[in-house]
Amino acid sequence: MTPPATGSAERGYLHSARLIAAHGRTYHLATQLLPAANRRGVNALYGYARVVDDIVDHADDDAHATLAHLDAVLDALDSSLADVSFGQSVAAQRLSAVEADVVAATADTARRWVIPAEYFAAFGRSMRMDVPGADGFVNRYRTFAQLREYTYGSAAVIGLQLLPLLGVGDPDVSTSTAAALLGEAFQLTNFLRDVGEDLDRDRVYLPADELRAFGVDIDHLRTCRLERTSSPQLRRALAHLIAINRDLYRRAVPGISLLPKKIRPAITAAARSYADILGVIEAPGFDVMASRAVVPRRRRLGHAASAMVGR
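As the structure is a prediction and not an experimental result, all values here were calculated from the model.

Asks: I'm lost on unusual backbone geometry in this one. Help?
Replies: Negative phi characterises most residues that are not glycine, and trans characterises most peptide bonds. The backbone phi angle of V114 is positive, close to 55 degrees, even though this residue is not glycine. For V114, the location among the structural elements is in the loop between α5 (97–113) and α6 (117–128). For V114, a relative accessible area of 64% gives the class exposed.

As structure tokens, this is what we get:
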């Protein structure tokens, strides 16, 4: 990579806005309901998570190079948050110009909104768990308890990072718990929607014990993926996991009422649209091995409109 100049936060905010518009359709629509200043910060956090996720998704090509690239981005943010000169740091020399800009915008957001650095550290630890050769690498999870060690950093802390941007600078236990639960609910929905794509990368995020109870193991999943179909056993397992996912939403959504009134429509719209993915998965017979469940734009717009009028 060509060594970049010091990252530009302003360019990073602009690039992050483009990333969320292109790849985070549900989140992008929800952010349009936020005040502009808050929206910029949310975009930056999404942009950083997206940049890191894109790096991790190349782990199968060259795990060693992927880990070095990932650590460079994580270290660059650490340096920025610690007020070490970003442009002169060793990590910055391994970043692309776009990555440097997104890191700069993320660090600017963290400072402006007083987001604890420990949340970004937890996110980094979970992302390293996805890369072969990294300390703590995991691509199979036996129980939900083990999976939550991963989802704390990959999802729960995202909810916690967002709280200051949502007007909750000093959250109580109820608010923090709800934010973390909603992040985990979104993540489990992703795992259910993307089970086929994850399997192609030799990752299975659905707990083995939960699948085994319905007669599904890794070989069964691979057969379903090869045949682009969901067997009766897999459909029953998915129905069970969707019920667990809906319970996460049920327990998390009341926490939205703890947010400032002007923020609630955005989070309500996002929660409803994401939970709606579960219905899309169910509708064609749990066909997650053949296609990706997508909530139609008109339904997402409907969720946004209902949230705006308080329904």
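Further notes follow.
Asks: Could you clarify how one ought to interpret the environment of L259 in this entry?
Replies: Considering the arrangement of structural elements, one finds L259 in the loop between α12 (232–252) and α13 (264–282). In this structure, the C-alpha to C-alpha distance between L259 and R11, residues 248 residues apart in sequence, is 30 Å. Not counting residues within four places of it along the chain, the set of residues in contact with L259 comprises L163, L166, V168, R264 and I267.

Asks: Help me understand the domain arrangement of the protein, please; the structure alone is not making it clear to me.
Replies: Reports often express the size of an interface as the amount of accessible area lost when the parts come together. Partitioning the protein into structural domains gives domain 1 (1–114) and domain 2 (138–310). Residue-level contacts link 18 residues of domain 1 with 22 residues of domain 2. The junction of domain 1 with domain 2 conceals about 1,900 Å² of combined surface from both sides, 68% of it contributed by carbon and sulfur atoms. Among the residues domain 1 hides against domain 2, the three largest losses belong to T26, L29 and L33. Together they make up 30% of the total. A salt bridge links D57 to R203, with the shortest nitrogen-to-oxygen separation between them at 3.6 Å. If you look at where domain 1 meets domain 2, you find two residue pairs in polar contact (both at pLDDT 80 or more). Where the side of domain 1 that touches domain 2 is concerned, the elements lending two or more residues are α2 (25–31), α3 (36–56) and α5.

Asks: Explanation requested: the environment of A185 in the structure shown.
Replies: You can see A185 is positioned in helix α8 (residues 173–193). In this structure A185 comes out as buried when scored by relative accessible area, which is 0%. Along the sequence, A185 and N245 sit 60 residues apart, while their C-alpha atoms lie 5.9 Å from each other. Apart from residues no more than four positions distant in its own chain, A185 is found in contact with N245, L248 and Y249.

Asks: Would you explain the confidence of the model for the protein in this entry?
Replies: Interpretation of this model should avoid reading the predicted coordinates in detail wherever pLDDT is low. Taken as a whole, the protein shows an average pLDDT of 91; of its residues, 95% reach a score of 70 or greater. Scored below 50 in pLDDT, residues 1–5 makes 14 contacts in the model with residues more than four places away or belonging to other chains.

Asks: Would you take a moment to explain the packing of α8 against α12 for this structure?
Replies: A pair of packed helices is captured by two measures, namely the crossing angle of their axes and the spacing between those axes. In the contact formed by α8 and α12, the axes pass within 8 Å of each other and the chain directions differ by 155 degrees. Relative to α12, α8 is oriented roughly antiparallel. In this structure, α8 meets α12 at a crossing whose hand is left-handed. Contacts between α8 and α12 involve A178, L181, L182, E184, A185, F186, L188, T189 and L192 on the former and, on the latter, L238, L241, I242, I244, N245, L248, Y249, R251 and A252. The class makeup of the residues in the contact of α8 with α12 is 14 nonpolar, two polar and two charged.

Asks: Please clarify how the pattern of salt bridges should be interpreted in this entry.
Replies: In a structure, side chains of opposite charge can pair up when their charged atoms sit close to one another. Inspection of every chain in the model, using the stated rule, returns 20 salt bridges. In this structure, R292 and E197 form a salt bridge, with 3.5 Å as the shortest nitrogen-oxygen distance. Of the two residues, R292 sits in the loop between α13 and α14 (297–308) while E197 sits in helix α9 (residues 195–200), which places them 95 residues apart along the sequence. A residue is classified by how much of its surface remains accessible, and E197, at 33% relative accessible area, is partly exposed. Among the salt bridges present, the one from D247 reaches R251, with a minimum N-O distance of 3.2 Å. Within this pair, D247 and its partner R251 are both found in helix α12, separated by four residues, close to a single helical turn. Taken together, the salt bridges that share partners define one network made up of R140, D202, D219 and R222.

Asks: Help me understand α14, please; the structure alone is not making it clear to me.
Replies: Side chains of residues three or four places apart in an α-helix project in the same direction, reflecting 3.6 residues per turn. The terminal C-alpha atoms of α14, which comprises twelve residues, lie 16 Å apart, in line with the 16 Å expected from a rise of 1.5 Å per residue. Buried within α14 we find R300, H303, A304, S306 and A307. Buried residues of α14 fall within an arc of 165 degrees about the axis and therefore sit on the same side. Exposed side of α14, more than 90 degrees from the buried face: R297 and R298 are the residues found there. Residues of α14 that are buried sit in contact with α2 and α13.

Thresholds, definitions, all that
- Residues numbered from 1 in each chain as written.
- Predicted model: local features only at pLDDT ≥ 70, side-chain atom pairs only at ≥ 80, totals over all residues.
- Heavy atoms only, no water.
- Helix = DSSP H or I, 4+ residues; strand = E, 2+ residues; numbered from the N terminus.
- Buried < 20%, exposed > 50% of the residue type's maximum accessible area, 1.4 Å probe, protein only.
- Contact = heavy atoms within 4.5 Å.
- Domains from an automatic or database assignment.
- Buried area = accessible area lost by both parts, 1.4 Å probe.
- Salt bridge = Lys/Arg side-chain N within 4 Å of Asp/Glu carboxyl O.
- Polar contact = N/O pair within 3.5 Å; in protein donor to acceptor, adjacent residues only side chain to side chain.
- pLDDT = per-residue confidence, 0-100.
- Axes fitted to C-alpha atoms, helices over the stretch in contact; angles between N-to-C directions.
- Parallel < 35°, antiparallel > 145°, perpendicular 65-115°, else oblique.
- Left-handed = near helix turned anticlockwise from the far one by under 90°.
- Nonpolar A, V, L, I, M, F, W, Y, C, P; charged D, E, K, R; others polar.
- Expected span 1.5 Å × (residues − 1).
- Arc of directions from axis to C-beta.

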